[in-house]
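Here is how the chains run, residue by residue.
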Amino acid sequence: MPAASTTLRTLAASVAVLLTVTGCQALDDAGRAMGRSDIVNDLAARIDRALELTYSAEYQLGGGRTALITQAQDPARSAYEWPGGKLTVTAEATTHCETEGKRPVCTLEAPPAVNSKPSVVVYAAAEREGLVTPPMVMGLLTAAALDPGTVITQSSTTVAGLLATCVEVRQGSEDFSACVTGEGALGSFTGRVDGEPVELALSRFQEQVDGTAFELPQGAGIVDRRQAGS
């Protein structure tokens, strides 16, 4: 699976090139290959553009739980909150909070490089926690598109009041489905991550954010490792 630091434009371009090469042996194969690359390019471009937006997206998880992805610009910052934890990336620190205990504990690490996108850093850290991120879904779709035995079906729907493009991927035991909104937010995902079933669906999308989303949980214990990491 491609790392979150891989740009989605590069990811999509590589798919287009590979599909064109592998599909040129027959005209009908070439037609199907270009169709796949068009799907991947469209969704990748949407997600890539969304990295530059300000928005808050709330997701419904299995068991009635929720997760929240928030990002803002000027200054650029991003957060991913889920049951039991929270990740925030700001110009001051990259912070990982454990919130399952009686008292939340937050560890502060050095902030990302000046030219790094906080959302990309948050997604990379979130993936290490086993969480679903837009780049992760894009990586799964890219890998599926490169497999000639995979069947990819495209459709349109509405998710949380937003128009979205959806794909259903059939590839044996690794089947999954996902939707991406026109704004570039992940609309839904149903599949497996590290062998575990995962399901989430966008329940609320706002183009405004609450600044408290980037703050530490109230009463949290602080472990500041920024000096040690400098």
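Anything mentioned here points back to the structure above.
Every value quoted in this text rests on a predicted model; they were computed, and no experiment measured them. (Residues numbered from 1 in each chain as written. Predicted model: local features only at pLDDT ≥ 70, side-chain atom pairs only at ≥ 80, totals over all residues. Heavy atoms only, no water.)

J.: What should I look at first to understand the pairing of strand β11 (residues 196-206) in this one?
T.: The side chains of a regular strand alternate between both faces of the sheet. Both strand β1 (residues 55-61) and β11 contribute to a ladder of six bridges, which runs antiparallel. Considered in β11, the bridge of Leu61 is made with Leu200. Direction of pairing for strand β10 (residues 186-193) relative to β11: antiparallel, over a ladder of six bridges. Looking at β11, one finds that Thr190 is bridged to Glu199. Here β10 folds back onto β11, and the loop between the two strands holds two residues, one of which, Asp194, carries a positive phi near 55°. (Pairing = 2+ DSSP bridges. Helix = DSSP H or I, 4+ residues; strand = E, 2+ residues; numbered from the N terminus.)

J.: Whenever I open this one, the sheet that holds strand β12 (residues 221-224) confuses me. Can you help?
T.: Think of a sheet as strands paired side by side through backbone hydrogen bonds, with each pair either parallel or antiparallel. Strand order across the open sheet formed by 12 strands is β7-β8-β9-β10-β11-β1-β2-β3-β4-β5-β6-β12, with mixed pairing between neighbours. Looking at strand neighbours, the two that pair on one side only are β7 (151-159) and β12, the edges of this open sheet. Ignoring which end each strand starts from, the neighbouring axes of this sheet average 15° apart. Along the sheet, helix α3 (residues 118-128) makes contact with β1, β2 (66-72), β3 (77-82), β4 (85-89) and β5 (94-98), crossing β3 at roughly 25°. Each of β7, β8 (162-170), β9 (176-181) and β10 touches helix α4 (residues 134-145); the most contacted strand, β10, lies at about 65° to it. (Axes fitted to C-alpha atoms, helices over the stretch in contact; angles between N-to-C directions. Contact = heavy atoms within 4.5 Å.)

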